[in-house]
Protein chains: 4
Amino acid sequence: MIIVMRHGASEENIQKVVDFIRKKGREAHISKGESHVVIGAVGETVIDPRDFELLDNVKEVIKISSSYKLVSRIFKNEDTIIEVNGEKFGGDYVGMIAGPCTIENEDQINECARLMAEAGVKIIRGGAYKPRTSPYAFQGLGEEGLKMIRRAADKYNLAVTSEVMEISQIPQFLRYVDILQVGARNMQNFNLLKELSKVDKPVMLKRGLSATINEWLMAAEYILSGGNREVILCERGIRTFEVATRNTLDLCAIPVVKKLSHLPIIVDPSHGTGLRDKVAPMSLASVAAGCDGLMIEVHNKPECALCDGAQSLYPEQFSELYQKLKKLAPVVDKIM
Amino acid sequence: MIIVMRHGASEENIQKVVDFIRKKGREAHISKGESHVVIGAVGETVIDPRDFELLDNVKEVIKISSSYKLVSRIFKNEDTIIEVNGEKFGGDYVGMIAGPCTIENEDQINECARLMAEAGVKIIRGGAYKPRTSPYAFQGLGEEGLKMIRRAADKYNLAVTSEVMEISQIPQFLRYVDILQVGARNMQNFNLLKELSKVDKPVMLKRGLSATINEWLMAAEYILSGGNREVILCERGIRTFEVATRNTLDLCAIPVVKKLSHLPIIVDPSHGTGLRDKVAPMSLASVAAGCDGLMIEVHNKPECALCDGAQSLYPEQFSELYQKLKKLAPVVDKIM
Amino acid sequence: MIIVMRHGASEENIQKVVDFIRKKGREAHISKGESHVVIGAVGETVIDPRDFELLDNVKEVIKISSSYKLVSRIFKNEDTIIEVNGEKFGGDYVGMIAGPCTIENEDQINECARLMAEAGVKIIRGGAYKPRTSPYAFQGLGEEGLKMIRRAADKYNLAVTSEVMEISQIPQFLRYVDILQVGARNMQNFNLLKELSKVDKPVMLKRGLSATINEWLMAAEYILSGGNREVILCERGIRTFEVATRNTLDLCAIPVVKKLSHLPIIVDPSHGTGLRDKVAPMSLASVAAGCDGLMIEVHNKPECALCDGAQSLYPEQFSELYQKLKKLAPVVDKIM
Amino acid sequence: MIIVMRHGASEENIQKVVDFIRKKGREAHISKGESHVVIGAVGETVIDPRDFELLDNVKEVIKISSSYKLVSRIFKNEDTIIEVNGEKFGGDYVGMIAGPCTIENEDQINECARLMAEAGVKIIRGGAYKPRTSPYAFQGLGEEGLKMIRRAADKYNLAVTSEVMEISQIPQFLRYVDILQVGARNMQNFNLLKELSKVDKPVMLKRGLSATINEWLMAAEYILSGGNREVILCERGIRTFEVATRNTLDLCAIPVVKKLSHLPIIVDPSHGTGLRDKVAPMSLASVAAGCDGLMIEVHNKPECALCDGAQSLYPEQFSELYQKLKKLAPVVDKIM
C-alpha cells in the first residue's frame, strides 16, 4: 500500500501515518518527492486503505497488491484449456454450448437435444432451478428436470450444463450434470462458491450484473482456492443506464480478462442482449474479440417457451449462425 | 399488457398479434387511435413482452401489472410498524440499530454493547459471518460470534441483528438473533429468501448493489409470500460510475418506497458511503427524507477494527449524532 | 399516450384524467379491461407523462410516439450511404478513418498522412481543437492545425475529419475539413447541432458518455431537421461502473441502431477502450457485429504523442489489423 | 505519478520505465519494497499514465497530483460565500432560488415573481433558452423571455438566474441576469466555460449527468482559472440504472465537495427527482446533509406549465416547505 501525503503535510502528519503502519504490523518506507511525500506500507497484514484517508493531510491511498493469486497469469502463464465431451474452451479453442433456457418436459428437452446434436453441438444447456425475480413465476422442474435432461443428453451423446442455486442441490448436480453453472445473482454467494471449490467437475461462473472484472476474478479465486482449478468465466452483460437492451454486453471484458487470467472466458449473448435478433451479431462479435466459447439459447419452438422465448433462436437460425461462426474463427486464429 | 402497433401496421400484422395473445390464453382488445392501433392483452397468464417485440410492426409493448402484491400499498394501505425490544420502525417511528461491523472477540463486543446501551440504543448489530470479496480475508467467527453477541446483548438488555448468509445457518440465527439480516449480495438469493419466509422473526432485506426498487420489492415479496410479514427494507447505496464514495446512497428511494409499499425502510449510511466523516451528514439527510430507521456502525476502537473500521464512528461521535437526529426528527413529524 | 388506472380507481378518478386530457387539447379513448381501465390520449399536442402520474389512482403512463422522425427507418427504409473521397459508410460498406488523436506539428501530421495513404486509408483524422478535462492541458493548435492537416491530406489525396467544438469555428471547418465531427461532450450542445444542420458537409455525431440510444438519435434528428441529411453516428463507449477500461464499448448499439434508423453507425475503439492492446479485438468485434465503419487512432510515434498516445496504434499494428478486418468483413456480408 | 512494477519484473523492465520517465522530462525515484518495486516520476511535465501500463511488467500506475488548484481547499481554506441581492450561499448560509422552469409569457412570470417575493424568496429562476432533447419541443422565448423576467424581477426586487447555452448569448445575459447558469449538458462545453471565466457575475455550474465529482471540479477550475472566482456548484442528479426517478440525486456529493473545495454547493431537487412529491423530502434531506442552497421549481399553475410542470411545486406547497426548511437549518448549524 502507498500513502501519498498532501503538499504541505507536516512532519507530525507523516509520523502519524508511519506509526499507524507499524501498529498494523507493516514496515514504512518514506520517499520525499518534490511536491509530495510518499510512504510505502510494506508487508502482508491486512490494512483498510480508508483508515489512512481519514488521517490529516493524507492525499490519497493506493492498494497495490491484487487480491487474486491462483486465477492470475502471474501464477500460471499458459491458458487453461477445459475439455468436456470433446469440446474445448480456452487456448486456441472456441467451444459451444446451446439449448433451451428451461427444461419444460420430456418431449421438449428430447427434441432440443436431438436438434442440438444434429447441429453438431456437444454440450446442451437447460435450467432445472430458475432464479426468477417474481415468486409467482415458474421456478423450474427441479430434480425431475435434471433427470430429463440427463436422459435426453445420453441418448444423443451430449454433455449437460445447468444452473445450481443452492448448496443442498450440489449432490444432485454431481449425479446428472457435467458443468455446474453459477448464475449472475449468485456470483458473490460465497458459501456456494466455497462448496463448489471442492467439486471435481468444471464450474461456469457468470459475471454479476454489477460486478467489476476484479470482483469476478476474486469470485473465481474462491473456487480455485478450495482446489477446483476448472473454472469457465461467462460474460453475460452488465447493468447500465441504457434501456434499449436488457443488459449491456461488455465485450471488452474478453481481452481484459485474457490479459489478467489464464482461465477461459465465454459469452452468453442471449442473456446479454435479451432479444433474438441481437444474438447473431453479438455472437459473431464475441468470437471476433477472442472469446473461448459461447453459450446460446435455442428452443425447438421459441414462441411456446415457458421462459425467455424472446431471446431463444429457432433451430435453423442457430445452425446458420454456427456455420458463420466456424468461418469467422480462423480469421482471428481460433479453432471452432 | 398493451401492445402498440407501428404507424402503418397492416391488418395482417395486427391479426398476428391478436392470434398470439389468444394462443397464450388471454383476451385481445383492439382500440384504433389516430396514428396507432393499440391492443390490450387481458388476463392472468404469463406472457413475456419481448415475444411481441419480435413480431412485425410492433412498436412497443408495455407491462401494466406490477408483479408484487403483498408488499404493495394497494394490498395494505396502513404502514407496517415493526417493533423489536421496544424499538419501532415504520409509521411515525424512526428506529435505531448500532454496533460494530464484525464481532471480533468477547471483550470487544461486550464493550460495544455497554457503550450502545449507554447511548440509549436498544438493538445492537454485529457480523458473525462476513461476505468478503477475497477468500483470504477474515470470514467471521461464525456460531461462536453469535453466542458472544447474544451474551453481551443479554447483559445490557439489547436485541441483536446479524447477517445470515446461508440456509443451513438459519437454525443458529433463530437461537441467538432477533432480526435476521440479508446482505446486498444475497438480495436475489431466492432459496434463502424462501426459507426466511417461513421464519417468525423480522427480516431486514438490504438492497442489492444494482437492484432496481422494483426488484427489491419483488425480493421482499418472496419473504411475504411464504407467510413472514415482518420485513424491514434497508437502503445501503447503489453502484454507479462515481468513485469518490464506495457507493451512491439513493435517498430518494425513501419517498419512492413509502409511496409504493407499506413496509418500513431504513438506511445504512456506513456502507452507503464507506467513510466515517460522511456518516453523520447522510444520517441526518436520511431522517429528513422520511426514513423509518437507521443502522450505523460504531466501534469502541475504530482504528483497531478488523473490518471496515474506516466507516465506523467513535462512540462519542455516535452519541452526538444520535442527539442531533432526535432534535431533527420532530421537524419532519417523526418520533425518534 | 396511454394512461393505465390502478385496480379500484373510481369513476371520479377516471373522469379527472379524461378532463385533463381534453384540457390539453387531445381526445380521450377509454377501454375497460378486467383489472385495469386504460385511457388513450390521442392527438399531437405536447403532454408531459408525469402530469398524469401525479393524479389519483393513476398506475402508469406510457408515451407511445417516438420523438424522432427523419432519422427513423419508418421515414426512410433504405440505408443511407455516405461517400467521402471514395470511401463509403452504410449499406454493405464498412469505411475506415484513421490518424492521430491530435495535430501536433507539420512533420508529424505529414508523416501520419503518408503512412495512412500507404496503408490504403482515404480519410485522415486529427484534432485541432481538443476538449480537455483540465484547463491546464494542451488545447490544440486551432486553425493552424486545420491548415496543416489540409495541406498534408491534399499531398496524399486524403479527406479530413476533425472535431468542431463551437459555432464560431464552423466557417474554418468548412474551408479545411470534409467531415465535421461532434464530440461526445457536445452531443447535446443543441445550438451547435442546429448550426450544423445548415451545413452541406457530413457530420459525424459521437454518442454522449451517458446518452441513451434514443437521446443519440434525437440529437441526430436536430441535424436532419435543419436540412443536413448526412449524419454518421459514432459509438465510442459509455460510462459504467467498470474501471478496467476507460469506457464500456456498447457494441450491441450497432444492431439496435440499424433496426431503428437508416443512418450509418461506425465505432471508435480507441476512445471506447482507451488502451492500444484492446483496439484490435474491439475493431474486429465491431465489424463482426455489423458496423458501417471504424475510426482508429494511429500515430507515427505513439510514445511521443502529445495526447492519448496510449490508445494509438503503431503504423504496422494498424496495417496488420486493416488486413485482418478486410478478411473478416465478407464473412458477415460486408465490403471493406 | 507512481509506477508499481509487477512482482518478478526484471532489471531491464525497470530500466525501460526509468528511461521513459526521463524522456518525458521528469526525474525517476526508485524504491524497492519486499514484493514490488515502486518508481516515482517527479516533475511537472504532462504524462499519460496509460503509456506506462503498456510497458512490460508494469502492474499499476497512479496519478497523484489532482489537476484542480484554484477550486481546492488547499489553495483557499475558507469557504467562499457568494451574495446576490442579499441572499448568501456558502459558509453557514443556505440560500434559496425558486421560480418556474420556463418563462412562458408576461403574465405568468409576473405572477410567479409576485408569489416568490411574497414567500420571501430573493432570487427568481426561469428559463429563456431551453435545452430540449427533441428539436420539435418548445425551445424557449429567447431574449424576449429574458426581458420579461427582468421586468418582473425588478418590480418585486428580485435577482434573476437563467441558463445560458451559447457564447453569443452572454452579452444578453449580462444585461438581464444576475447569476448565469450552465446546464448539465454543457458542463464540459469548455469554450462556453472559458468565456464565462471572463464575466464578472456569478456562474452556477450544474453537474453533468455522468460527471464524476472530480470532472465537475475541473469544469469549475476552467471558470476560476480565467479570473471569475464566483462559482456556485449545483448537484442535480446523476444517471444510473434506476428508473423509478428521472435521475439519482447524489446527496453525498455535498460533504464530499465541501471537503475538497471552498466553493458553495447547492441542490436542485426538482430536476434531481423529476416528480413534485419527491421535491420536499429531497429538499429537507439536502439541507440536513449540509448544502449551501437550494433551487426549486415553483409554478403559479403547474398543471398548465409548458415544461416540467410535473416537477413544479404549487405556491402553497413551496411556502410550507420553505418554513420547514427554516426550522430544520439551525439543527445542522446553518442559517436560512
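Note that the structure is a prediction, hence the values are computed from the model and not measured.

About the criteria used
Residues numbered from 1 in each chain as written. Chains lettered and ligands numbered in written order. Predicted model: local features only at pLDDT ≥ 70, side-chain atom pairs only at ≥ 80, totals over all residues. Heavy atoms only, no water. Helix = DSSP H or I, 4+ residues; strand = E, 2+ residues; numbered from the N terminus. Buried < 20%, exposed > 50% of the residue type's maximum accessible area, 1.4 Å probe, protein only. Areas by Shrake-Rupley, 256 points an atom, 1.4 Å probe, with all protein chains shown as cover. Lys, Arg positive; Asp, Glu negative; His and termini not counted. Charge placed at Lys NZ, Arg CZ, Asp CG, Glu CD. Contact = heavy atoms within 4.5 Å. Buried area = accessible area lost by both parts, 1.4 Å probe. Salt bridge = Lys/Arg side-chain N within 4 Å of Asp/Glu carboxyl O. Polar contact = N/O pair within 3.5 Å; in protein donor to acceptor, adjacent residues only side chain to side chain. Nonpolar A, V, L, I, M, F, W, Y, C, P; charged D, E, K, R; others polar. Expected span 1.5 Å × (residues − 1). Arc of directions from axis to C-beta. Least-squares fit on C-alpha atoms with pLDDT ≥ 70 in both. Phe/Tyr/Trp six-rings, centres within 6.5 Å; stacked < 30°, edge-to-face > 60°. Core = buried A, V, L, I, M, F, W, Y, C linked by side-chain atoms within 4.5 Å. Domains from an automatic or database assignment. Axes fitted to C-alpha atoms, helices over the stretch in contact; angles between N-to-C directions. Parallel < 35°, antiparallel > 145°, perpendicular 65-115°, else oblique. Left-handed = near helix turned anticlockwise from the far one by under 90°.

## Some thoughts on the overall build of chain A
Here comes step 1: Each helix and strand in chain A was counted, giving 11 helices and 14 strands.
Here comes step 2: When the backbone C-alpha atoms are referred to their principal axes, chain A occupies close to 75 × 45 × 40 Å.
Here comes step 3: Scored against the burial criterion, the 336 residues of chain A give a buried share of 66%.
Here comes step 4: Roughly 11300 Å² of accessible area belongs to chain A as shown, and the carbon and sulfur atoms make up 48% of that amount.
Here comes step 5: Within chain A, the 44 negative side-chain charges are centred at a point lying 1 Å from the centre of the 43 positive side-chain charges.

## Quick word on the interface of chain B and chain A
Here comes step 1: Listed as interface residues are 51 residues of chain B and, on the opposing side, 51 residues of chain A.
Here comes step 2: Each partner contributes to the roughly 4200 Å² buried at the junction of chain B and chain A, and carbon and sulfur atoms together form 50% of this total.
Here comes step 3: Of all residues in chain B, Arg 50, Leu 54 and Tyr 136 of chain B give up the largest surface area on contact with chain A, accounting jointly for 15% of the area buried on that side.
Here comes step 4: Applying the counting rule to chain B against chain A returns 2 salt bridges.
Here comes step 5: As a salt-bridge pair, Glu 215 of chain A and Arg 239 of chain B come within 2.7 Å of each other at their nearest N and O atoms.
Here comes step 6: At the junction of chain B with chain A, the criterion picks out 17 residue pairs in polar contact (both at pLDDT 80 or more).
Here comes step 7: Of all the secondary structure elements, the ones that give two or more residues to the side of chain B that touches chain A are helix 1 (11-23), helix 2 (49-53), helix 6 (190-196), helix 7 (213-225) and helix 10 (276-288) of chain B.
Here comes step 8: Per-element accounting of the side of chain B that touches chain A gives the leading share, 5 residues, to helix 7 of chain B.
Here comes step 9: Looking at the side of chain B that touches chain A, its residues break down into 17 nonpolar, 15 polar and 19 charged.

## Observations regarding helix 3 (residues 106-118) of chain D
All names here are of chain D.
Here comes step 1: With 13 residues, helix 3 ought to run about 18 Å at 1.5 Å a step, and its terminal C-alpha atoms sit 18 Å apart, in line with that.
Here comes step 2: Of the positions making up helix 3, those classed as buried are Gln 108, Ile 109, Cys 112, Ala 113, Leu 115 and Met 116. Projection of helix 3 onto a plane perpendicular to its axis shows the buried side chains occupying an angular sector of 165°, all on one side. Exposed residues on helix 3 whose side chains face more than 90 degrees from its buried face are Asp 107 and Glu 118.
Here comes step 3: Buried residues along helix 3 sit against strand 7 (95-99), strand 8 (123-125), helix 4 (143-155) and helix 11 (315-328).
Here comes step 4: Two or three places before Asp 107, at the opening of helix 3, Asn 105 has a side-chain oxygen 3.1 Å from that residue's backbone nitrogen.

## Observations regarding helix 4 of chain D
Residues and elements named next belong to chain D.
Here comes step 1: A rise of 1.5 Å per residue sets the reference length of helix 4, with its 13 residues, at 18 Å; its end C-alpha atoms lie 19 Å apart and thus fit the reference within 8%.
Here comes step 2: Along helix 4, the residues that are buried comprise Gly 145, Leu 146, Met 148, Ile 149, Arg 150, Ala 152 and Ala 153.
Here comes step 3: Tucked inside the fold, the buried residues of helix 4 contact helix 3, strand 8, strand 9 (159-163) and helix 5 (170-176).
Here comes step 4: Within two residues after helix 4, Asn 157 carries a phi angle of roughly 55°, on the positive side.

## Overview of unusual backbone geometry
Here comes step 1: Of note, Asn 157 of chain A is a non-glycine position whose phi angle comes to about 55°, a positive value.
Here comes step 2: With respect to the helices and strands, Asn 157 of chain A occurs in the loop between helix 4 (143-155) and strand 9 (159-163).

## So, the relation of the copies chain B and chain A
Here comes step 1: Screw-axis analysis of chain B against chain A gives a translation of 0.0 Å along the axis, an RMSD of 0.0 Å, and a rotation angle of 180°. Taken together, the turn and the small shift mark the pair as related by a two-fold rotation axis. It is Ser 210 of chain B whose C-alpha, among those of chain B, lies nearest the rotation axis, at 2.9 Å.
Here comes step 2: An overlap of 100% is found between the interface residues of chain B and their copies at the interface of chain A, pointing to a shared contact surface.

## Digging into the packing of aromatic side chains
Here comes step 1: Enumeration over the complete set of coordinates arrives at 15 aromatic pairs over all chains.
Here comes step 2: Each ring, one from Phe 318 of chain B and one from Tyr 322 of chain B, has its centre 5.5 Å from the other, and the planes form 35°; the classification is tilted. Residue Phe 318 of chain B and its partner Tyr 322 of chain B are both found in helix 11 (residues 315-328); the two are separated by 4 residues, about one turn of the helix. As far as the burial class goes, Phe 318 of chain B and Tyr 322 of chain B line up, both buried.
Here comes step 3: Where Tyr 129 of chain D meets Phe 173 of chain D, the ring centres are 6.0 Å apart and the plane angle is 35°; that geometry is what we call tilted.

## Side note on the nonpolar core
Here comes step 1: Formed by 327 residues in total, the largest nonpolar core has its most connected members in Leu 205 and Phe 318 of chain A, Leu 205 and Phe 318 of chain B, Leu 205 and Phe 318 of chain C together with Phe 318 of chain D.
Here comes step 2: Membership of the second largest hydrophobic core comes to 18 residues, among which are Ile 3, Ala 9, Ala 28 and Leu 55 of chain D.

## Some details on the domain arrangement of chain A
Here comes step 1: The assigned domain composition of chain A is domain 1 (2-62) and domain 2 (82-332).
Here comes step 2: When each unit is reduced to the centre of its C-alpha atoms, the spacing between domain 1 of chain A and domain 2 of chain A is 45 Å.

## Thoughts on the pattern of salt bridges
Here comes step 1: The final tally for this structure, using the stated rule, is 84 salt bridges over all chains.
Here comes step 2: Its salt-bridge partner being Glu 106 of chain A, residue Arg 151 of chain A comes within 3.0 Å of it at the nearest N-O pair. One end of the pair, Arg 151 of chain A, is in helix 4; the other, Glu 106 of chain A, is in helix 3 (residues 106-118), and 45 residues separate them in sequence.
Here comes step 3: Among the residues examined, Glu 106 of chain A registers a relative accessible area of 30% and is labelled partly exposed.
Here comes step 4: Glu 235 of chain D serves as the salt-bridge partner of Arg 207 of chain D, at 2.8 Å between the closest nitrogen and oxygen. Separated by 28 residues along the polypeptide, Arg 207 of chain D in the loop between strand 11 (203-206) and helix 7 (213-225) and Glu 235 of chain D in strand 12 (residues 231-235) bring together distant segments of the chain.
Here comes step 5: For Glu 235 of chain D, a relative accessible area of 0% translates into the label buried.

## Let's talk about the packing of helix 10 (residues 276-288) of chain C against helix 11 (residues 315-328) of chain C
Residues and elements named next belong to chain C.
Here comes step 1: Following both chains from N to C, one finds helix 10 and helix 11 inclined at 20°, their axes separated by 10 Å at the closest point. Of the possible angle classes, the one that applies to helix 10 and helix 11 is roughly parallel. The two elements helix 10 and helix 11 meet at a crossing, and its hand is right-handed. The residues of helix 11 that touch helix 10, namely those facing Arg 276, Ala 280, Ser 283, Leu 284, Val 287 and Ala 288, are Gln 317, Leu 321, Lys 324, Leu 325 and Leu 328.
Here comes step 2: Its residues assigned to classes, the contact of helix 10 with helix 11 comprises 7 nonpolar, 2 polar and 2 charged.

## Here we look at the environment of Asp 79 of chain D
Residues and elements named next belong to chain D.
Here comes step 1: With respect to the element layout, Asp 79 can be found in the loop between strand 4 (58-62) and strand 5 (82-84).
Here comes step 2: Residue classification places Asp 79 among the partly exposed positions, given a relative accessible area of 29%.
Here comes step 3: In the structure, Asp 79 is positioned 183 residues away from His 262 in sequence and 4.5 Å away in space, judged by C-alpha atoms.
Here comes step 4: Among the polar contacts made by the side chain of Asp 79, one reaches the side chain of Arg 73 at a distance of 2.5 Å.

## Describing the environment of Asn 228 of chain D
Residues and elements named next belong to chain D.
Here comes step 1: Mapped onto the elements of the fold, Asn 228 is located in the loop between helix 7 and strand 12.
Here comes step 2: Exposure remark for Asn 228: the relative accessible area of 5% places this residue in the buried category.
Here comes step 3: Placed 31 residues apart in sequence, Asn 228 and Ser 197 show a C-alpha to C-alpha distance of 4.9 Å.
Here comes step 4: Not counting residues within four places of it along the chain, the set of residues in contact with Asn 228 comprises Leu 196, Ser 197, Val 199, Lys 201, Val 203 and Ile 223.
Here comes step 5: Within the local environment of Asn 228, its side chain forms a polar contact with the backbone nitrogen of Glu 230, the two atoms lying 3.0 Å apart.

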